[in-house]
Amino acid sequence: MNRRVLIAIAVLALAGALAFAARPHETTADERVDQITTELRCPVCQGLSVKDSTSETARQMRDLVAQRVREAKTNAEIEAEFRAAYGDWIFLSPPLASWTGLVWLVPVAALAAGLALVTGRLRSGGVPQPSAPTTTEVAALRERVAREEAAEG
Amino acid sequence: MLARVVRIAVVVVILGLVVTLALAFRRDPHDIRTGTVNKPAPAFTLGRLDGSGQASLADYSGKVVVVNFFASWCLPCIQENPALVRVYERYRSSDVVMLGINFQESRENGLAYVQRMGISWTSVADDDGRVALSYGVFGPPETFFIGPDGIIAGRHIGPIDEETLVTAIEKLRGQAATR
Amino acid sequence: MSAGDLGAAALRAALFLSLWGTGAAIYAAWRRDARVLASARVAAGFAFGLVVIAALSMMFALATHDFSILYVAENNARETPLFYSIIGLWAALEGSILLWTAILAGATAFIAFRGTLAIPRLATTALAVMFAMLTFFLLLITTPAADPFARLAVAPENGNGPNALLQTHPLMPLPPPLLYLGYVLTSVPFAYAIASLILGEGGDRWLVATRRFALISWALLGVGIVAGAWWSYAVLGWGGYWAWDPVENAAIMPWLTSTAYLHSVMVEEKRSLLRSWNLALVVATFALTILGTFLTRSGVVNSVHSFSLSAIGPILLGYLVAILVLSIGLLLWRSARLRDAGPIGTPLSREAIFLFQNVLFMAATLTVLLGTLYPLVAEAISGAQLSIGGPYFDRVEIPVALALLFLMGIGPQLPWHGASRATLERQFTAPIVAAAFGALAALITGTTALPAVLTYALGAFVLATVVQEFARGVRARRTLHGEGGVAAFANLFRRSGRRYGGYVVHIGIVLVALAVATSQARTVDAERTLAPGDSLDVAGYTIRLEAIRPVSEPQRDSIVADLAISGNGASEHLRPALVQYPNSAAAVGSPGIGAGLRDDLYTILAAYDQRTFSWATIRTRVIPGVSWLWLGGAVVGIGAIIAALPAPRRRVVRMPVAEVAVSAK
């Protein structure tokens, strides 16, 4: 088979699989409880989530969340209930809305700046012509190999 | 130009890092201040440990209420108990109410503890932990001071002493008097 | 003379020798004086011996329960078994710093005897830097703030015993020494880099001399991190292996920068580019090891693994500042001599991929650093208390990790300078087809979360590129050298260990990524309160509570749940327990784990009837694929060993010309 046809089929299959994985689907009540408790910090643990913790407090919090989900409360309402008692401290990822959202911005900004910096230094245009190594390059390489052998021996 | 910006950014980041770390020495990682202070105290109605009906926070509106979360398995609770008993005796005949909320244990164990430790104020059972969660409790012992206006005026995490108790209560009583 | 006196005296003598060695190495480098260098060598050797004697006497004091030493009284008890007594050396702060100092002294001695033979001036200057760092640690360990041999006026009858978490599992002793070795060995490339900057050498001699050290310290950090994850999983009892805990973050940061360095260093070797960048990476890696130590040993941030609040925080912070000021100052001073030779290749060249990869690793490191410190910053600025944990790190780091996985497949397939369209088609047809099969495999096995499906696709992509590389290598050796298939395969490792060992490391990383994706996407939890005889079904397993009973041992009391497991072809007994140590307020959970290649059954005794043992709350977690994480860690270690082994000496010096011809193609 032609390489390009093969690549096209593979890319299509890949895109289909990813689209299937990303399709929106109804979350069950249990999934919602898991989603919410993953974000909540267990008050008596060292940085563990309510979902992961085996402590009695975490179990009670899971029960409370499950009950609120059964009562058809929205995620925002359930979160507000915990925020009222424990403040933003109770959430394992800080809210984007306030100035604490800076913690989300910095990695993205750093990534963008780094990529811009690197892209700026790359050579644009086509593939460089293969050129024979110059004599100085060969000499430098020979020296390097000799040195490496000395260092490794 | 860009390289220079990067260089400056690196120096700024590192300076900020060092300053933050130096500042962090003043911080106590066990001191957690978030929560329900200066907000209306969440209402609750819970069964009494001795089985004699229920007690509700609303019963005490207009009074200074000291809410103490405790458990028999909590060693600091045993440690702070004498101070609580003395302060209870001191304010017994005044408008100060003390209310114990049993935290994460069976009613039998809680009741046995209350009887053993000479606790004669009202103690209630928070069976499913909902009240503790609504107050933002981390673990016993924790003490909340609720003013006559129903607002949580203060909170103490860990074992409390007599002086802290009296100071907080007197402040709230003063408030009540000026109202 | 007691063991404590001996240890304390040995440390003070080592400090004296280390001070001498610092001066002697500086003088020897400056005057090129071989006799003074010889004295520095002797000082390094004896200092190492003395610190080892100090560490051994601490072990002896722990094993003999000598409670007149404060450290022993706080971290040992008469009931502590011999094994846990001896490893008590690294169970708390002072002992850990002693172990750290011993490893540093060993590295210093190694440089003194081996390093200074090959490239005397550079290595002698590096030796001076090593000695200076050793002097700092010996000073630290002989001050009251971190003196392991500090005495008690009156020896208590019995000690407090070790931290409960540190004696529930025989794996406990493994991760700390691995990590300490990794941390300390990063100081060798750092010392050479600083030496190179001080001497004003523009070249890459420092880099060649320390390549193996960088690789070994990287591998030890990596294996130490996986071993630490394994310890968390087997001991902490919540059914996970990674919680973005400050101690974990402290270990992963230098590993990330070190990984970036191991790749960008190739760009400098092949193309003489990125000189100051590589120096900066070495400095960053080393500084992050010190920062991590500071964070976790000063009590500034809380962690399950960190030791109690200590006075060494400000001292370590001062050390960190000194290192940063010195290194950044030197880098800026010498930046003119570190100009790169020529431009970098096109976006589809190997060096460009390495650069993008470096940017991603830096962003990943910055995120971990920021996430760990941000609560401190927020509180210092506004007094607000907030938490940063798993969900934050997952959201930022998973996309970065997926991008890195992608680059891991692309980078090795692209030539230096730039690739043509034909090259791209030839190199990537099979991997793209593999990626499609990987995504389908994920869906078929029920792993349907998008990040997990992407991980499967990218994992298959990378594996296909590695297989392709091996197949081509074997084919080339068969035609060129007429070797048989097996011999050709073995010779790939023997002759080009660095390259093919690197591919083995990539396989290990893919295994780790697949294990993480699978376990995160498909873990099933269940919790039930059972009476003896009752059972609980989860993910095809049936868990029957047979009995719940107390077990008493000299050093601890436990409540054990006997569970009979059936289903999914399993038939075994698990015994999760709650263990009460005399020195700890709360009982420590000890999970019962049924490990398997398909999935692990993780059982926890969450609660029980304390009076009549008539019921127990059993929490279970079925965690698919988690065993592959440990396996992947082992494969990474094996790959690193292959890459670090010296290649057989090449006979011909004409080799590089052929190499240039190949790389220019």
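Residues numbered from 1 in each chain as written. Chains lettered and ligands numbered in written order. Predicted model: local features only at pLDDT ≥ 70, side-chain atom pairs only at ≥ 80, totals over all residues.

Undergrad: Mind laying out the environment of Asp161 of chain B, listing which residues take part and the relevant values?
TA: Mapped onto the secondary structure, Asp161 of chain B falls in the loop between β7 (152–157) and α5 (162–178). Put simply, Asp161 of chain B and Gln79 of chain B are 82 residues apart on the chain and 9.4 Å apart in space, counted from C-alpha to C-alpha. (Helix = DSSP H or I, 4+ residues; strand = E, 2+ residues; numbered from the N terminus.)

Undergrad: Explain the pairing of strand β2 (residues 535–538) of chain C to me, using residue names and the numbers behind them.
TA: All names here are of chain C. Alignment of β2 against strand β3 (residues 541–553), held across four bridges, turns out to be antiparallel. In the strand pairing of β3, Asp537 is matched with Thr542. In sequence, β2 turns back onto β3 through a hairpin of two residues, with Ala539 there showing a positive phi of about 45 degrees. (Pairing = 2+ DSSP bridges.)

Undergrad: Give a description of the packing of helix α8 (residues 187–199) of chain C against helix α9 (residues 205–235) of chain C that names residues and reports values.
TA: Residue and element names in this part refer to chain C. Running from amino to carboxyl end, α8 crosses α9 at an angle of 170 degrees, the nearest separation of the two axes being 8 Å. If you check the angle between α8 and α9, you find them roughly antiparallel. Only Trp206, Ala209, Thr210, Phe213 and Ala214 of α9 make contact with α8, whose side of the interface consists of Val188, Pro189, Tyr192, Ala193, Ala195 and Ser196. Here the residues of the contact of α8 with α9 sort into nine nonpolar, two polar and no charged. (Axes fitted to C-alpha atoms, helices over the stretch in contact; angles between N-to-C directions. Parallel < 35°, antiparallel > 145°, perpendicular 65-115°, else oblique. Contact = placed C-beta atoms within 7 Å. Nonpolar A, V, L, I, M, F, W, Y, C, P; charged D, E, K, R; others polar.)

Undergrad: Would you mind going over the confidence of the model for chain C in detail, with residue names and values included?
TA: Residues and elements named next belong to chain C. When pLDDT is averaged across chain C, the result is 86; 93% of the residues are at 70 or more. Every residue in residues 304–308 scores below 50 in pLDDT, and together they form 14 contacts with partners more than four places removed in sequence or on other chains. In this model residues 652–665 is a low-confidence stretch, pLDDT under 50, and it forms 21 contacts with partners more than four residues away in sequence or in other chains. Predicted complex, confidence summary: ipTM 0.83, pTM 0.89. (pLDDT = per-residue confidence, 0-100.)

Undergrad: With reference to specific residues and values, describe the sheet that holds strand β6 (residues 142–146) of chain B.
TA: Residue and element names in this part refer to chain B. If you trace the five strands from one edge of the open sheet to the other, you get β5-β4-β3-β6-β7, paired in mixed fashion. Edge strands, defined here as strands with exactly one partner in the open sheet, are β5 (122–125) and β7. Between one strand axis and the next, the sheet turns by 20 degrees as a mean value, whatever way the strands run. Bridge analysis of strand β3 (residues 64–70) against strand β4 (residues 96–102) gives seven bridges, and the strand direction is parallel. If you follow Val67 over to β4, its bridge partner there is Leu99.

Undergrad: Outline the pairing of strand β9 (residues 599–608) of chain C, listing residues and values.
TA: Within a regular strand, side chains alternate between the sheet's two faces. All names here are of chain C. Burial analysis of β9 places nine of its ten residues in the buried class, which makes it a mostly covered element. Here three bridges tie strand β8 (residues 592–594) to β9, and the two strands are oriented antiparallel to one another. In the sheet register, Gly594 faces β9, and the bridge partner there is Leu601. Two strands pair when backbone bridges link them, and β9 and strand β10 (residues 616–624) are joined in this way by nine bridges, in the antiparallel orientation. Bridge assignment links Ala607 to a residue of β10, and that residue is Thr617. (Buried ≥ 20, exposed ≤ 12 C-beta atoms within 10 Å, placed from the backbone.)

Undergrad: Give a description of the packing of helix α1 (residues 3–31) of chain C against helix α2 (residues 34–63) of chain C that names residues and reports values.
TA: All names here are of chain C. Between α1 and α2, the least distance of the axes is 8 Å, while the angle of their chain directions is 160 degrees. Taken together, the axes of α1 and α2 lie roughly antiparallel to each other. Judged by the sense of rotation from one axis to the other, the crossing of α1 with α2 is left-handed. (Left-handed = near helix turned anticlockwise from the far one by under 90°.)

Undergrad: Go over unusual backbone geometry with me, naming the residues and quoting the values.
TA: The bulk of non-glycine residues show a negative phi, and the bulk of peptide bonds are trans. Between Pro140 of chain B and Pro141 of chain B the backbone carries a cis peptide bond, its omega angle lying at -5 degrees. Mapping Pro141 of chain B onto the fold places it in the loop between α4 (130–135) and β6. Even without glycine at this site, Trp244 of chain C takes up a positive phi of about 55 degrees. Structurally, the position occupied by Trp244 of chain C is in the loop between α9 and α10 (246–271). Notably, Ala539 of chain C is not glycine yet its phi reads approximately 45 degrees, a positive angle. Tracing the sequence through the fold places Ala539 of chain C in the loop between β2 and β3. Since 18 C-beta atoms lie within 10 Å of it, Ala539 of chain C is described here as partly exposed.

Undergrad: Give a description of the sheet that holds β10 of chain C that names residues and reports values.
TA: Strands belonging to one sheet form pairs held by backbone hydrogen bonds; the direction of such a pair is parallel or antiparallel. All names here are of chain C. With antiparallel pairing, four strands are arranged side by side in an open sheet as β1-β10-β9-β8. Each having just a single partner strand, β1 (524–530) and β8 make up the two edges of the open sheet. The sheet shows a mean angle of 20 degrees between the axes of neighbouring strands, direction not considered.

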